[in-house]
4 protein chains.
Amino acid sequence: MIKVGIVGGGGYTGVELLRLLATHPEVDLRAITSRSEAGRPVSEIYESLRGHVDLCFSEPDAGALSACDLVFFATPNGTAMKMAPELLDAGTRVIDLAADFRLKDPALWEQWYGMPHACEDLLAEAVYGLPEINREQIRAARLVANPGCYPTASALGLLPLVEAGLADTGSLVADCKSGVSGAGRSANVAMLMGEVGESFKAYAVPGHRHLPEIRQTLGWATEQAVGLTFVPHLLPMIRGIHATLYARLTGEADLQALFETRYRDEPFVDVMPAGSHPETRSVRGVNQCRIAIHRPQGGDTMVVLSVIDNLTKGAAGQAIQNMNLMFGLDERAGLRQVALSP
Amino acid sequence: MIKVGIVGGGGYTGVELLRLLATHPEVDLRAITSRSEAGRPVSEIYESLRGHVDLCFSEPDAGALSACDLVFFATPNGTAMKMAPELLDAGTRVIDLAADFRLKDPALWEQWYGMPHACEDLLAEAVYGLPEINREQIRAARLVANPGCYPTASALGLLPLVEAGLADTGSLVADCKSGVSGAGRSANVAMLMGEVGESFKAYAVPGHRHLPEIRQTLGWATEQAVGLTFVPHLLPMIRGIHATLYARLTGEADLQALFETRYRDEPFVDVMPAGSHPETRSVRGVNQCRIAIHRPQGGDTMVVLSVIDNLTKGAAGQAIQNMNLMFGLDERAGLRQVALSP
Amino acid sequence: MIKVGIVGGGGYTGVELLRLLATHPEVDLRAITSRSEAGRPVSEIYESLRGHVDLCFSEPDAGALSACDLVFFATPNGTAMKMAPELLDAGTRVIDLAADFRLKDPALWEQWYGMPHACEDLLAEAVYGLPEINREQIRAARLVANPGCYPTASALGLLPLVEAGLADTGSLVADCKSGVSGAGRSANVAMLMGEVGESFKAYAVPGHRHLPEIRQTLGWATEQAVGLTFVPHLLPMIRGIHATLYARLTGEADLQALFETRYRDEPFVDVMPAGSHPETRSVRGVNQCRIAIHRPQGGDTMVVLSVIDNLTKGAAGQAIQNMNLMFGLDERAGLRQVALSP
Amino acid sequence: MIKVGIVGGGGYTGVELLRLLATHPEVDLRAITSRSEAGRPVSEIYESLRGHVDLCFSEPDAGALSACDLVFFATPNGTAMKMAPELLDAGTRVIDLAADFRLKDPALWEQWYGMPHACEDLLAEAVYGLPEINREQIRAARLVANPGCYPTASALGLLPLVEAGLADTGSLVADCKSGVSGAGRSANVAMLMGEVGESFKAYAVPGHRHLPEIRQTLGWATEQAVGLTFVPHLLPMIRGIHATLYARLTGEADLQALFETRYRDEPFVDVMPAGSHPETRSVRGVNQCRIAIHRPQGGDTMVVLSVIDNLTKGAAGQAIQNMNLMFGLDERAGLRQVALSP
């Protein structure tokens, strides 16, 4: 059994980790921290965990956490980079679900996140935890940077094209839509149901922090500069991301076969039959990405539809997939649920 | 492994059975029928089942179904009573998720369901599948009548009071609210999102078919006539039932202790701490009933709050709980999921 | 033109007042205050008011406000009672949409609202602004206490019965459901869409502040003590209240005729045909209460269904109806909108 | 007063026309037809119209309709083209809210709508009812083709750029999202709340009927061929369209000023301040289009955000705007409502 701790368990990513870890056959959940809720039983705050999780929230304490084999950080940006070095030194492995170790360039990190990086030396070592491109490095990693939700949906949808050199990487468009759980569980007028229910809007069009992350991932797959327009939107629902991706084709290929081949052995990427329109509910609560490709009217613009659950394949599920790889388990352990639909 | 068939798999109860059975460790799913979808892969209609269920829908055929150890009927009312006799004769056990075998009195059945009963002789044999009152009979049953969703939530909330003789059973009120999935998956203008979204209403106040069923269950627990006012309402959400139950107390007792004692050994009924307000999302997708009790201002009216997922403890989950009992399995087999929250 | 000011315009009640007053033919909107937003254009915060309201939020200032003929308070409880005396002395009339002047008994107010009342002398003068019972007093009032949302829906549904002496007033039940806008527009984790979307729960079952208010209103109509069990619930939608009211009949009458007669001349109460089930969307955005009555199976328990929009007939619309009465206008002025449905 | 008839009043476009016409100061509503509901009071089917519309649905009858000055067709595609000639001959003017007269090329119409056109001669005469490009022609028209919902939102967002020759019209992208009311009010499993609630998907990516309509409108404004990729999506909400439009810039200009100047005198197009993100609820129930423009990171891809209510500026509201123009009324008559927000 892997001894696991969670730092920052009071948010949606934290409770999703708990939901999945509570039934994971190889995990012994040892500690879950939350400054604001320390001392309270987890199941008092998350009614859904009654009967499944007996722990109380504790204060974050590196000493206690270092008794774990693995610690997940489900904290705000800027937290993991301060605590990770001590844990790693103690031999505890770390998966950060926030952004601290995602961008390899510390200057870029500071530009987009507004603070200097606290441990630049670890940036080089950290492995970007997208198993579909970094599976082997993840197996060997001490420190994994779990990808963002939009970057997961967008990169998985565009990678086959970009890797094959079939897309004009200077004019990509990612029109993404997310459920409100992506904004986290903090007191915020803008996320009240009275504000976001029965309405729809774009946000952060001038620039969103996931933009450099998507560019970085696509950049690894091409020699060319990546020009990407990324527009996130807020959906009046709780879970799910839908990325609608537009790429201008620069060559010919059997695109359906290209995608199917690329993901043939991936347990958590499902390329749907030609002509499909995946719906976000088909991945609700599961660690799955479903992709469908289109070439409307046979023109030179390709449309890729890519859906995930932002809290699962876009956060906690992918983190557990990474844990499974890091500890030599079946990659699918604890992740065999069927989506809740309807 | 139990060989299982499903008749009528094209509705919400059917897909919920499939979701739960697909990961049940002791089930071998053999057949799923749907007249309208015969020949099509199940996963073509239910995208969420891609990778989990490989079957195609087939025409209902008693011969093929009788090769199963157990057949679930997830059909409209009036179907199971026509096919059950042949299956039972062939040694196949039956759980009917519709209403055909719920009411013991065939005249009452005809009054509320508008057709004569097709096999009255089986009514006496059929066991009402509420494990919290009939566990031992279910273990031995060939034919189980799976309870309705409102009756499950209402009866579990009222039974401790009624069994203890502490409620005026002549003036009970069950004010119940259900998500739209309770209305099934059929083309119906009244269930369009444009009609039921962002709105709320009562329906069937003059009389709903679950009224005699609730009365029957409560009647088994008391010698007195049961007078119950039952008002169902339609919630602008998909899953979940909340029963708000009102009873006039006729005696004194430690009510919290009464409920906790009554359900102490029940794996799927959770009596919450005094003062709680259970929320439907805490049972979303799981076979669980959560109950909280109140006695506002210390008056003589008791309020019981009881929540279930109408498709799970209110239908498919309870059916699998019954299957587990009928086949000598751990009652919780395949039913250990954690609710999807948020 | 009536010169109107609004104190506390930054919440949902405030913006609803603005929506309705912006097209009211007899209103000249002079000032709208909000401490937190002072200096900002109203239409910057409420995009829907672009092109309709040109005012900026200002600091609350009794001097400036006393230049108005009428000031609405859309403030938290406890604010109006501090500012109203100065305004009234200056000849400005006041409608308080909060609870400060609703309860006639200052001890009861202190018990439920947790603070001593700041101007008990005005409690006697204040008129409870439910036109259906106090129309003439409202016409002459300087100070109107606009009713709460639940009390409006509940009282209108029960009054005909109670006034006629046909109900057992010792055992009334009001099972009420409200959209989330009733909780206001303040940063509150419990009202995030991630928390309240796709879920349903009761709250405040031990005691809600609207309980003594409903009891007071019904008490005015009967000589007997009023025993009422009131359970509010939170709906996963934005606007609308549905009160399901249960009363034991103590006499016989043509109940449909009783209700129709009682409200025959009321412009904003609609008694629907026998057998109806009003839906909240039918009153969305309008100053209307729709009522339907039922007597299930001819028993002795009567069920009244009563729907309003909590922000309109339950708050801002009713306040404008009161304003119309106070200033001798057509009671329906500015309130002739048709509900937005779907 | 203009004598008005509506053919096909049983759908969402019909009830929205009724909502707006019921309070229009210059309209005398004479007839509303619905084959399926003939004889029933309109307010029996649309509870929201109780007290506002006293008409009963009637059978469609050209004789009776020709007594009207104007007839709106809120019918399925293919209906108006059969009845319009007789009405026009009788001197009755016609506004078709369906697609019959939108495409000027009958071959294109047949290709996309799957039936030959019934009155090609009227195609040339019909005026495309987008006042922002055809105001003067609409004033003089006998027959107006009311634009589609997606075409209205998309064209208004792109026209200033295309007219100014600043966009590469060969690579435009319109990523559009619509509430479910756009699919109409007919029995359809795919539009059940259980299917579309809490989920999101694209549809008709291979080709949607509004594609040729958008291309035609943009084509009128440019000499170049219009290459447009159009992807519609279905939102889990009732009303509202959000078009996210992508264009590659081919020249430099002050884009904010360009848009503000283009729409300076338009009563129903609101260009928001630079940096804005319009939300669909800000136009809920009103005849308004709000637009914001962005040029992320100063690159060569421009992003235009354009929102309307699909039933109002996208259908019934625009039809009434056209009626006002055709009959010499103030263009804003009956259309001064404030959006319902929250």
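What you see is a predicted model, and the numbers here were worked out from it, not measured in a lab.

Participant: Explain the packing of helix α8 (residues 149-163) of chain B against helix α10 (residues 210-220) of chain B to me, and be specific about the residues and the numbers.
Facilitator: Residue and element names in this part refer to chain B. Where α8 meets α10, the axes come as close as 9 Å, and the angle between the chain directions of the two elements is 30°. Comparing their axes, α10 and α8 come out roughly parallel. As for how α8 packs across α10, the hand of that crossing is right-handed. On the side of α8, the interface is formed by Cys149, Tyr150, Pro151, Ser154, Ala155, Leu158, Leu159 and Val162, while α10 contributes His210, Glu213, Ile214, Thr217 and Leu218. For the contact of α8 with α10, the per-class residue count stands at nine nonpolar, three polar and one charged.

Participant: Pulling in residues and values, what's your account of the packing of aromatic side chains?
Facilitator: Taken as a whole and judged by the stated rule, the model has twelve aromatic pairs over all chains. The interplanar angle of 70° and the centroid separation of 5.5 Å between the aromatic rings of Tyr128(A) and Trp220(A) together place this pair among those described as edge-to-face. Note that Tyr128(A) is positioned in strand β5 (residues 127-128) and Trp220(A) in helix α10 (residues 210-220), a separation of 92 residues in sequence. You can call Tyr128(A) buried: its relative accessible area is 3%. Note on Trp220(A): relative accessible area 42%, which makes it partly exposed. Judged by centre distance (5.2 Å) and plane angle (70°), the ring pair of Tyr150(B) and Phe230(B) falls under edge-to-face. One end of the pair, Tyr150(B), is in helix α8; the other, Phe230(B), is in strand β10 (residues 228-234), with 80 residues separating them in the sequence. For Tyr150(B), a relative accessible area of 2% gives the class buried. The class of Phe230(B) is buried, set by a relative accessible area of 5%. In this structure, Arg93(D) is placed above the aromatic ring of Phe327(D), and the distance from its NZ or CZ to the ring centre is 4.2 Å.

Participant: Describe the environment of Met237(B), with residues and values.
Facilitator: Its location among the elements puts Met237(B) in the loop between β10 and β11 (241-248). Sequence separation between Met237(B) and Glu198(B) is 39 residues; the distance between their C-alpha atoms is 8.9 Å. When near neighbours in sequence (up to four residues on either side) are disregarded, Met237(B) contacts Gly179(B), Val180(B), Thr280(B), Glu198(C), Ser199(C), Phe200(C), Pro236(C) and Met193(D).

Participant: Tell me about the sheet that holds strand β11 (residues 241-248) of chain D, residues and numbers included.
Facilitator: Residue and element names in this part refer to chain D. Taken together, seven strands build an open sheet; the order of strands is β9-β10-β8-β11-β14-β13-β12 and the sheet is mixed. For this open sheet the edge positions go to β9 (201-202) and β12 (269-271), each flanked by a neighbour on one side alone. The pairing of β9 with strand β10 (residues 228-234) spans two bridges and is classified as antiparallel. Paired with alanine 202 across the strands is histidine 233, a residue of β10. Here helix α10 (residues 210-220) sits on the sheet and contacts β8 (172-178) and β10; the angle it forms with β10, its principal contact strand, is near 135°. Packing of helix α11 (residues 255-262) onto the sheet brings it into contact with β12, β13 (289-294) and β14 (301-308), and relative to β13 it is tilted by some 160°.

Parameters at a glance
Residues numbered from 1 in each chain as written. Chains lettered and ligands numbered in written order. Predicted model: local features only at pLDDT ≥ 70, side-chain atom pairs only at ≥ 80, totals over all residues. Heavy atoms only, no water. Axes fitted to C-alpha atoms, helices over the stretch in contact; angles between N-to-C directions. Helix = DSSP H or I, 4+ residues; strand = E, 2+ residues; numbered from the N terminus. Parallel < 35°, antiparallel > 145°, perpendicular 65-115°, else oblique. Left-handed = near helix turned anticlockwise from the far one by under 90°. Contact = heavy atoms within 4.5 Å. Nonpolar A, V, L, I, M, F, W, Y, C, P; charged D, E, K, R; others polar. Phe/Tyr/Trp six-rings, centres within 6.5 Å; stacked < 30°, edge-to-face > 60°. Buried < 20%, exposed > 50% of the residue type's maximum accessible area, 1.4 Å probe, protein only. Lys NZ or Arg CZ within 6 Å of the ring centre and 35° of its normal. Pairing = 2+ DSSP bridges.

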